[in-house]
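Spelled out, the chains give:
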Amino acid sequence: GFSPPKVAGGLKPAAPLAFGTIDTWLIWKLTNGRAHVTDHTNASRTLLFNIHQSRWDDELLDILKIPRALLPEVRASSQIVAETAEGLPIPKGIPIAGIAGDQQAALFGQRCTRAGMAKNTYGTGSFLVMNTGAEVVQSTHGLLSTMICQPDHYALEGSVFVTGAAVQWLRDKLHIIKSAAEIETLAASVADSGGTVFVPAFTGLGAPHWDSYARGLIAGLTLGTTSAHIARAALDSIALLSADVLNAMRKDSGIEPTELRVDGGGSVNDLLMQIQADVAGLPVVRSSTMESTALGAAYLAGIAVGFWTESDIDGQWRAARTFTPSISEDERRARIAAWHRAVAKAKGWEDSASRADDT
């Protein structure tokens, strides 16, 4: 039973209302409406949660006129919050014990539990998260300050809009590869991009640039440019976008990470991981488990019910391969400088075109 809250004007909605993110809805369904809960990592993504005080923020709720009664109870990420109800296609009484946001679960699955430990997940986009410990680091470089699964611990996060989607574009629109996996062989057939720079700003640029008017750009083309150079430049762009986020984290936190742990579909590309190590300037460690989000969620639940301890799961994490930087600092800086020249050209492109049309 959920009592509908009063809303503006003293009226009541025609049906009971309850607000929550997808985890809240799933738990509501699994318990037949007996549990209206979330965890602090998901609560923090609503922008209604005070991450400094770990509670719903009364000032924000008042400004936005959101009744507190709509909001779920906030629980720990690793805690038995309810049990499955009777009458479902699964057994009754299964403990619901792990709740976490996607990237926080991946951070936990990668065992990045100390300040300075960072992970990057390569999918259609990329999501880089760095543990900042017990301090909330306020970013001045376009990053998100967020809570993580460990109580009273925080992180910086940066989202890259287009990474794997750039490979899909080469496959589906330019038809220079027949499958995503082919890009590694094609890109490895040349020593470098031959001066070609590819900025995959198809939907604008995410962190740390945040420019919705940016558009995709391929620069540095010559008569000698081949499809292999464009493929190589595409892999460069994926790594360079993530390196921009990592460098923003370094500036914001003052922390120098010792390695970058990676997972997701793109992390199986050895050439991409080597380029990532080169432009990030630190070792890139590929996990033996690609699905770190699912693993992190399982770990949270297992700890809550006593199946695992933190020491148990620390001992389970394995590196499949480590990629170490292979270029000089001068070369790294030159590649990043060329990248940033191209990014500057891509920024504001749509807005500039609109202004030109107006004249």
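Residues numbered from 1 in each chain as written. Predicted model: local features only at pLDDT ≥ 70, side-chain atom pairs only at ≥ 80, totals over all residues. Heavy atoms only, no water.

## Side note on the environment of Ser 54
Inclusion rule: Helix numbering and strand numbering both begin at the N terminus, where a helix is a DSSP run of H or I of at least 4 residues and a strand a DSSP run of E of at least 2. The contact rule is simple, with two residues in contact once any of their heavy atoms fall within 4.5 Å.
Relative to the helices and strands, Ser 54 resides in the loop between β2 (49-50) and β3 (55-56). If sequence neighbours within four positions are ignored, Ser 54 has contacts with Phe 49 and Met 147.

## A few points about helix α8 (residues 270-280)
An α-helical segment advances 3.6 residues per turn. Residues three or four places apart therefore align on the same side. For clarity, the threshold we go by: Note on exposure labels: buried denotes an accessible area under 20% of the residue type's maximum, exposed denotes more than 50%, and partly exposed covers the range between, all computed with a 1.4 Å probe on protein chains only. The term polar contact refers here to a pair of N or O atoms within 3.5 Å; inside protein, the definition further demands a hydrogen-donor-capable atom paired with an acceptor-capable atom, and it admits residues adjacent in sequence only when both atoms are side-chain atoms.
Taken across its 11 residues, α8 has nine buried, putting it largely inside the fold. One side-chain oxygen at the N-terminal end of α8 lies 3.1 Å from the backbone nitrogen of Leu 271; it belongs to Asn 269. Where α8 ends, the next residue or the one after it, Gly 281, has phi of about 75 degrees, a positive value.

## Some remarks on the side chain of Arg 250
Inspection of the secondary structure assignment puts Arg 250 in helix α7 (residues 227-253). Of note is the side chain of Arg 250, whose polar atom sits 3.0 Å from the side chain of Glu 256. Excluding residues within four positions of it along the chain, Arg 250 makes contact with Ile 255, Glu 256, Pro 257, Ala 280, Gly 281 and Leu 282.

## Examining a nonpolar patch on the surface
Convention followed: Only residues above 30% relative accessible area that lack a salt bridge enter a patch, with like-charged residues linked at up to 9 Å and the nonpolar side chains Val, Leu, Ile, Met, Phe, Trp and Tyr linked at up to 5 Å. Note on areas: Shrake-Rupley, 1.4 Å probe, and residue coverage restricted to the protein chains presented here. Salt bridges are defined as contacts in which a side-chain nitrogen from Lys or Arg sits within 4 Å of a carboxyl oxygen from Asp or Glu.
Together, Ile 22, Trp 25, Leu 26, Leu 30, Ile 90 and Ile 94 make up a nonpolar patch on the protein surface, roughly 540 Å² of accessible area in all. Relative to the helices and strands, Ile 22 is located in helix α1 (residues 22-30). In this structure Ile 22 comes out as exposed when scored by relative accessible area, which is 58%.

## With respect to the packing of α8 against helix α11 (residues 329-346)
Note the following rule: Axis geometry follows a simple rule: fit a line to the C-alpha atoms, using only the stretch in contact for helices, then measure angles between N-to-C directions, giving values from 0 to 180 degrees. What sets the label is the angle itself: under 35 degrees gives roughly parallel, over 145 gives roughly antiparallel, 65 to 115 gives roughly perpendicular, and the rest give oblique. Polarity classes work like this: nonpolar for Ala, Val, Leu, Ile, Met, Phe, Trp, Tyr, Cys and Pro, charged for Asp, Glu, Lys and Arg, and polar for all others, with Gly in that last group.
As a packed pair, α8 and α11 sit with axes 8 Å apart at the nearest point and diverge in direction by 100 degrees. Between α8 and α11, the interaxial angle falls into the category roughly perpendicular. Two secondary-structure elements touch here, α8 through Ile 275, Asp 278, Val 279 and Ala 280 and α11 through Arg 332, Arg 335 and Ile 336. Classifying every residue of the contact of α8 with α11 by side-chain character gives four nonpolar, no polar and three charged.

## Some details on the sheet that holds strand β13 (residues 260-263)
What counts here: Two strands form a pair only when DSSP identifies at least two bridges running between them.
One open sheet holds the seven strands; their spatial order is β9-β10-β8-β7-β13-β14-β15, and the pairing between them is mixed. Edge strands, defined here as strands with exactly one partner in the open sheet, are β9 (144-147) and β15 (319-323). Pairwise comparison of adjacent strand axes, ignoring direction, gives a mean angle of 25 degrees for this sheet. As defined by bridge partners, strand β7 (residues 118-122) adjoins β13 across four bridges and the pair is classed as parallel. Pairing of Lys 119 across the sheet is with Arg 261, part of β13.

Coordinates in, geometry out; function isn't part of it.
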